Each structure stands twice: as structure tokens, then as C-alpha cells.
Amino acid sequence: MIQHIGIITGVDAEAAALFPGQSKDAEPLHGFLVRQVQFAGKNIAITCSGIGKVNAAMAAMMLAEHYNVQMLLVVGTAGKLSDIDGDCFQITEAVQGDYGASRHDHFAHYSAGAWPIGEEHIEPFRAMATPDIGLPKVRIITGDCFVESSDHGRRLYQALGGDIIDMETAAVAQAAARMNLPWAAIKATTDNADGSSSGDFQSNLKRGAKLAAEAAERMISLIGG
């Protein structure tokens, strides 16, 4: 039975939206601040990793080692790459969009950690089965750049089939796979990964963070053994 959950967000506003008013004090550990709450009979450790794949993977390892979490949950915001309906999504698969080989005519994508040589091949990280909370289910692409180009976003969508993009989820998924831990993710979209992304992200961050946090709380309340 899952009783210990570690939650990772990329920015502070996403972490603050989770369980507002509960356990405001946070303890520092290895450069992270960790806030612990009790909810639905579960012990939950929440940290804002900071933006990017390295930060997210480090936070995942820290939560697993020091808080003995039984699953990792990424919660926060993302950019939308396709015309899929909805503004909050349950993640079923994650791939890294900037891992591979830069060739003379294109960028060749590979499964994260695989040899980036030979025929291209992507094997996504698959999320754990979680209760249905009425959200569309999508694949997410993760990369270490904030996408402000519709051309780049379109290329990633066509190459990797992800409807949304962020900077943390697939890194947490890769760390979870190394540690043999289940993972899940909830993401709300703030922008369309185009030339307006910077302004849209800042305008919609609090709303998106709230949507994702509320959906994550619904999911956690239904997670059992």
C-alpha cells in the first residue's frame, strides 16, 4: 500500500498551490526545501526542485533516499504542443526531447540513457496506473529549454508524439526507473510553446498551478494499495 509520496514541482508557485495552509514550514536538505503534509492517510513530502532535468532528477533521488517515498509525483505546468482539448492532463508516458544525436540533416531522438548511435529508437517511460480523475491522458516531452518557437514545438510533436512539453517530468521518470519506483504526473498548460509563451506562462502560472494541484489532490485521495 502506498503511504509515502514524494511530490516534485519545477517552480515555487506550483509547490505553494499544493495543500495550501498546511505545514507552511519547510526543512532544508541538500539545497532543497521540503514541506511535509498529511493527506488522505498518506505522508507527503513536497519540494520545488528548480527548473530543469538535473534539478528534477536530484530532487527525485533526495526524496527517495531521505523520505522513503514509495512513489514520485510531478505536479505543475507545461506548454501545449497539439490542439488536444483540455487544460489539465494526466501523464501516461514521458520522453526526453533533447537526448540523442545532432546530425547534419536532423536531430535523431533516442531513449534517454541509450547509446545515441545507429537507428533511432524511443522507448517512453511509462507512468504507474493511477485512478481515473476525469482528465485527458497524454504523453509529455521533457527538455532543458523553454520552447518559444512554434516550429520547434511542431517538430517535437511530429517526432515524438507528445501533446505537451515541460522541463522536469521525463527526468523524474528516468530517476524513478533507476530506483525501481513508480511515478505519475499531473500537468496543466499555461501556453502553446510558441512566440507568446513567455508572457502567457507568467500570466497563467498561478491558474495552471492551482488546476494541477487540485487534480493531484484528487488523485492522491484515491490512490490505495
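As shown above, the structure is provided for reference.
Below, the structure is looked at part by part. (Residues numbered from 1 in each chain as written. Predicted model: local features only at pLDDT ≥ 70, side-chain atom pairs only at ≥ 80, totals over all residues. Heavy atoms only, no water.)

Quick look at the overall build of the protein chain now. Looking only at helices and strands, the protein chain features five helices and 12 strands. In summary, the protein chain has a C-alpha radius of gyration of 17 Å against a globular reference of 17 Å for 225 residues, a match within 12%. On the principal axes, the C-alpha backbone points of the protein chain span a range of 50 × 35 × 35 Å. Buried positions account for 51% of the 225 residues belonging to the protein chain. Taking contacts inside the protein chain between residues at least 6 apart in sequence as the whole, the part at least 24 apart equals 73%. If you sum the accessible surface of the protein chain, you get close to 10,400 Å²; carbon and sulfur atoms cover 50% of it. (Helix = DSSP H or I, 4+ residues; strand = E, 2+ residues; numbered from the N terminus. Rg over C-alpha atoms; globule rule 2.2 N^0.38 Å. Buried < 20%, exposed > 50% of the residue type's maximum accessible area, 1.4 Å probe, protein only. Contact = heavy atoms within 4.5 Å. Areas by Shrake-Rupley, 256 points an atom, 1.4 Å probe, with all protein chains shown as cover.)

Here the focus is the side chain of lysine 53. Mapped onto the secondary structure, lysine 53 falls in helix 2 (residues 53–67). Residue lysine 53 is classed as buried on the basis of its relative accessible area of 13%. A distance of 2.8 Å separates polar atoms of two side chains, one belonging to lysine 53 and the other to glutamine 96. Apart from the residues within four sequence positions on either side, lysine 53 is in contact with Gln96, Asp98, Thr142, Asp144, Met167 and Ala171. (Polar contact = N/O pair within 3.5 Å; in protein donor to acceptor, adjacent residues only side chain to side chain.)

A few words on the nonpolar core. With 34 residues, the main nonpolar core has Leu63, Tyr67, Leu72 and Trp183 as its most contacted residues. Of all elements in the fold, only strand 3 (32–39), helix 2, strand 5 (71–80), strand 6 (88–96), strand 10 (137–142), helix 4 (169–179) and strand 12 (183–191) reach the threshold of two or more residues within this core. At seven residues, the largest contribution of residues to this core is made by helix 2. Not counting the four nearest positions on each side in its chain, leucine 72 is found in contact with Gly6, Ile8, Ala60, Leu63, Val172, Ala176, Met179, Leu181, Pro182, Trp183 and Ala184. Judged by nonpolar contacts, the second largest core, of 27 residues, contains Ile5, Phe19, Cys88 and Ala212. (Core = buried A, V, L, I, M, F, W, Y, C linked by side-chain atoms within 4.5 Å.)

A few words now on the packing of helix 2 against helix 4. One can describe the packing of helix 2 onto helix 4 by two numbers: an axis separation of 8 Å at closest approach and a directional angle of 35 degrees. In the crossing of helix 2 with helix 4, the sense of the turn from one axis to the other is right-handed. Between helix 2 and helix 4, the residues in contact are Lys53, Ala56, Ala57, Ala60, Met61 and Ala64 and Ala171, Val172, Ala175 and Met179, respectively. Residue composition of the contact of helix 2 with helix 4, grouped by class: nine nonpolar, no polar and one charged. (Axes fitted to C-alpha atoms, helices over the stretch in contact; angles between N-to-C directions. Left-handed = near helix turned anticlockwise from the far one by under 90°. Nonpolar A, V, L, I, M, F, W, Y, C, P; charged D, E, K, R; others polar.)

With that settled, the discussion passes to the pattern of salt bridges. As enumerated under the stated definition, the model contains 10 salt bridges in all. Across the pair arginine 154 and aspartate 151 runs a salt bridge whose closest N-O atoms are separated by 3.0 Å. Remark: aspartate 151 and arginine 154 occur in helix 3 (residues 150–160); sequence separation between them is three residues, near one turn of the helix. With a relative accessible area of 53%, aspartate 151 lands in the exposed category. Beyond isolated ion pairs, a larger network of salt bridges with shared partners links Glu93, Glu123, Arg126 and Arg139. (Salt bridge = Lys/Arg side-chain N within 4 Å of Asp/Glu carboxyl O.)

Moving on: the packing of aromatic side chains. Evaluation of the coordinates by the stated rule reveals two aromatic pairs. With centroids separated by 4.9 Å and ring planes inclined at 55 degrees, the aromatic side chains of phenylalanine 19 and phenylalanine 39 adopt a geometry described as tilted. Of this pair, phenylalanine 19 sits in the loop between helix 1 (12–16) and strand 2 (27–29) while phenylalanine 39 is found in strand 3, placing the two residues 20 residues apart along the sequence. Judged by its relative accessible area of 1%, phenylalanine 19 is buried. Overall, the relative accessible area of 22% leaves phenylalanine 39 in the partly exposed class. For the ring pair phenylalanine 146 and phenylalanine 201, a centre distance of 5.9 Å and an interplane angle of 65 degrees mean the geometry is edge-to-face. Residue phenylalanine 146 is located in the loop between strand 10 and helix 3, and its partner phenylalanine 201 is located in helix 5 (residues 197–222); the two are separated by 55 residues in the primary sequence. The class of phenylalanine 201 is partly exposed, set by a relative accessible area of 21%. (Phe/Tyr/Trp six-rings, centres within 6.5 Å; stacked < 30°, edge-to-face > 60°.)

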